[in-house]
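# Geometric and topological summary
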Amino acid sequence: MSPIASEFIRRELLRGELADIAARVEAGERLSREDGIRLMECRDLLAVGYLADLARRRTCDDVVYFINNAHINYTNVCQNLCELCAFGKEKDAPGAYTMTLEEVEAKARTAAAAGVTEIHIVGGLNPELPYDYYLELVKTVRRAAPGACIQAFDAVEIDFIASRAGRPIADVLQELRQAGLDSLPGGGAEIFNPDLRRHLCAKKIDGRRWLQVHETAHRLGIPTNATMLYGHFETAADRVDHLLALRELQDRTGGFLAFIPLAFHPTNTAFSHLPGPTGVDDLKVLAVSRLLLDNFRHIKAFWIMMGPKLAQIALHFGVNDLDGTVREEHIFHEAGATTPQYQPPESFLNSIRAAGRIPVERDTLYREIRRYV
């Protein structure tokens, strides 16, 4: 955006319905719950995006991150079978699978040969897997890909693993870290509103437990990501309350690496009659997340869910991370995602440069691997 256009938008903002919020954003002040709801309900998407871009520039300049990573979904057998999910299956259902450690090792070796710096591991809650399976899985991946960070098991899986073992969360996390775990992904947060959660995923741990697992990880020095599932039955207030709960925990621990809004894909779920979020929803949630989560450095547009083109546009709505190469992904594709399962590094370079930003390849912990000036 040219300086003239930017100044015009700024002047219009300071005269419009968001004038008071714009003044607080310019001053670097923390926004309130009421501010967040107004932003979520505002129809002027470009105004909200402009404010988010201002906050993004203040936080992380013009750098945009991507990662050379690979996903491993080790099982789709799940005892919960949440209404919102198209991935989980009963153990005897057609298409149900659980990888052997040898199969996991083969995938990790293939990923290592491709030079990945992160292996992202999540799956269903398979009641037939013993505690040792999870420890050995991490050890196997660590041996097969010694140079990659292992980001494995969301908070729901960690709670499940601990309950199956009859062990405290902290002990399980410590043992997984000793086996080679580097960080936790942010899945399973869905939406924290308990009434909605009973409708969407009644058997899943509640929002308070999700936050407790992440706080325990942070206290142990294990960084994590955070997510929010949007585009189903939630209100603007539900979204804002979810974000503020994350902000409050980040104030206490500083352990979150990034926030990743996840667009709900209704296909093949119990809610296939829902339309799912629009592109306006996608961009607005990203922008308001940047504005409310003032203690999160990284806001990620997950191209697998949004598509590469909309994710590129999101770089002007507060985003500074496009995730990574992925290579293989089943959870969102089972729910109707039509994006490719792999995006080569060159495509990130082209997309980021075309948006006027500086591409930086990172690892899981946001350590810089290469800056493409």
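Scope of this entry: the structure provided in the associated data block. (Residues numbered from 1 in each chain as written. Predicted model: local features only at pLDDT ≥ 70, side-chain atom pairs only at ≥ 80, totals over all residues. Heavy atoms only, no water.)

## Examining the sheet that holds strand 9 (residues 358-362)
Heads up, the condition is: Strand pairing is assigned whenever DSSP identifies at least 2 bridges connecting the two strands. Elements are defined by DSSP. Helices are runs of H or I of four residues or more, strands are runs of E of two residues or more, and each kind is numbered from the N terminus. To get an axis, a line is fitted to the C-alpha atoms, and for a helix only the part in contact is used. The angle between two axes follows their N-to-C directions and goes from 0 to 180 degrees.
The strand order across the open sheet formed by four strands is 8-1-9-10, and the pairing between neighbours is mixed. Pairing within the sheet leaves two strands with one partner each, and these edge strands are strand 8 (321-324) and strand 10 (368-371). With direction set aside, neighbouring strand axes in the sheet form an average angle of 25 degrees. As paired strands, strand 9 and strand 10 are joined by three bridges and run antiparallel to one another. In the strand pairing of strand 10, Val360 is matched with Arg371.

## Side note on the sheet that holds strand 2 (residues 69-72)
Using the following cut-off: Here a residue-residue contact requires only that any non-hydrogen atoms of the pair lie within 4.5 Å.
Taken together, the three strands give an open sheet; going across it, the order is 2-3-4, and neighbouring strands pair in parallel fashion. With partners counted over all chains shown, the strands left at the sheet margins are strand 2 and strand 4 (149-152), one partner each. Neighbouring strand axes in the sheet, compared pairwise and without regard to direction, differ in orientation by 20 degrees on average. The pairing of strand 2 with strand 3 (residues 118-121) spans four bridges and is classified as parallel. Following the sheet pairing, Ile72 is matched in strand 3 by Ile121. Strands strand 2 and strand 3 of the sheet are contacted by helix 5 (residues 101-113), whose axis makes an angle of about 170 degrees with strand 2.

## Digging into the packing of helix 2 (residues 19-26) against helix 4 (residues 45-60)
How we decide: Roughly parallel covers angles under 35 degrees, roughly antiparallel covers those over 145, roughly perpendicular covers 65 to 115, and oblique covers all other angles. Each residue gets one label: Ala, Val, Leu, Ile, Met, Phe, Trp, Tyr, Cys and Pro are nonpolar, Asp, Glu, Lys and Arg are charged, and the others, such as Gly, are polar.
The contact between helix 2 and helix 4 brings their axes to 10 Å, and the two run at 10 degrees. Judged by the angle between their axes, helix 2 and helix 4 are roughly parallel. Counting all contacts with helix 2, which are made through Ile21, Ala22, Val25 and Glu26, the residues of helix 4 involved are Leu51, Leu54 and Arg58. A per-class count over the contact of helix 2 with helix 4 returns five nonpolar, no polar and two charged.

## Here we look at the packing of aromatic side chains
To keep things clear, this is the line we draw: Two rings from Phe, Tyr or Trp (for Trp, the six-membered ring) form a pair when their centres sit within 6.5 Å of each other. Planes less than 30 degrees apart are called stacked, planes more than 60 degrees apart edge-to-face, and all others tilted. Note on exposure labels: buried denotes an accessible area under 20% of the residue type's maximum, exposed denotes more than 50%, and partly exposed covers the range between, all computed with a 1.4 Å probe on protein chains only.
Overall, the coordinates contain 13 aromatic pairs when judged by the stated rule. Their ring planes at 85 degrees and their centres at 5.4 Å tell us that Tyr65 and Tyr366 sit as a pair that is edge-to-face. Taken together, the residues span a long stretch of sequence, with Tyr65 in strand 1 (residues 63-67) and Tyr366 in the loop between strand 9 and strand 10 at a distance of 301 residues. An identical accessibility class is assigned to Tyr65 and Tyr366; each is buried. Note on Phe66 and Tyr372: the rings are 6.3 Å apart at their centroids and 35 degrees apart in plane angle, and the pair reads as tilted. In this pair, Phe66 is assigned in strand 1 and Tyr372 in the segment after strand 10, connecting sequence segments 306 residues apart.

## Looking at the pattern of salt bridges
Short version of the rule: Salt bridges are defined by distance alone: a side-chain nitrogen of Lys or Arg within 4 Å of a carboxyl oxygen of Asp or Glu.
Following the criterion strictly, the structure yields 27 salt bridges and no others. With a shortest N-O distance of 2.4 Å, Glu248 and Arg252 are connected by a salt bridge. Note that Glu248 and Arg252 are positioned in helix 11 (residues 236-253) at a spacing of four residues, about one turn of the helix. Overall, the relative accessible area of 38% leaves Arg252 in the partly exposed class. What emerges from the salt-bridge pattern is a single network uniting Asp53, Arg56, Arg57, Asp62 and Arg357.

## Focus on the layout of surface pockets
Inclusion rule: Throughout, the protein atoms alone are placed on a 1 Å grid, and a set of points is a cavity if a 1.4 Å probe fits but cannot get out or a pocket if it is open with protein on both sides within 12 Å along at least five of seven lines; lining residues have an atom within 4 Å of a point. Grid points are joined across faces, edges and corners, and a volume is the space filled by probe spheres set on the points.
Taken as a whole, the second largest pocket spans an internal volume of roughly 180 Å³. Along its surface, the second largest pocket is lined by 13 residues, and Glu29, Ala55, Arg58, Leu291 and Asp294 are the ones closest to its centre. For the lining of the second largest pocket, the elements supplying multiple residues, two or more each, are helix 4 and helix 12 (279-292).

## Looking at the packing of helix 5 against helix 6 (residues 131-144)
Formally: Left-handed describes a crossing whose near helix is turned anticlockwise from the far helix through less than a right angle; right-handed describes the clockwise counterpart.
Direction vectors running N to C along helix 5 and helix 6 enclose 30 degrees, while the axes themselves pass 8 Å from each other. Classified by the interaxial angle, the pair formed by helix 5 and helix 6 is roughly parallel. For the pair helix 5 and helix 6, the crossing hand works out as right-handed. Here Leu101, Val104, Glu105, Ala108, Arg109 and Ala112 of helix 5 come into contact with helix 6, specifically with Tyr133, Glu136, Leu137, Thr140, Val141 and Ala144.

## Re the nonpolar core
Here is the rule we go by: What is meant by a nonpolar core is a set of buried Ala, Val, Leu, Ile, Met, Phe, Trp, Tyr and Cys residues, joined one to another through side-chain atoms within 4.5 Å.
The biggest cluster of nonpolar side chains holds 119 residues, and the ones touching the most others in it are Ile119, Ile121, Phe153, Trp210 and Leu246. Here Ile119 is in contact with Ala70, Ile72, Ala108, Ala111, Val141, Ala145, Ala148, Cys149, Ile150 and Gln151, once residues within four sequence places are set aside. Residues Tyr65, Ala258, Val360 and Tyr366 belong to the second largest nonpolar core, which totals six residues.

## Structural notes on the environment of Arg109
If you trace the backbone, Arg109 turns up in helix 5. A residue is classified by how much of its surface remains accessible, and Arg109, at 44% relative accessible area, is partly exposed. For the pair Arg109 and Thr140, spaced 31 residues apart in sequence, the C-alpha to C-alpha distance is 9.9 Å.

## A look at the side chain of Asp323
Test applied: Polar contact is defined as a pair of N or O atoms within 3.5 Å, subject to the rule that within protein one atom must be able to donate a hydrogen and the other to accept it, and that residues adjacent in sequence are counted only when both atoms are side-chain atoms.
Following the sequence through the fold, Asp323 ends up in strand 8. Side-chain polar atoms of Asp323 contact the side chain of Lys300, separated by 3.0 Å. Sequence-distant contacts of Asp323, that is, excluding residues within four places in its chain, are made with Tyr65, Phe66, Ile67, Asn69, Lys300, Ala301, Phe302, Trp303, Phe348 and Arg362.

## A word on the environment of Ala96
Mapped onto the fold, Ala96 is located in the loop between strand 2 and helix 5. The class of Ala96 is partly exposed, set by a relative accessible area of 23%. Note: C-alpha distance between Ala96 and Lys204 (108 residues apart in sequence) is 20 Å. Setting aside its immediate chain neighbours within four residues, Ala96 contacts Asn76, Val77, Lys89, Glu90 and Lys91.

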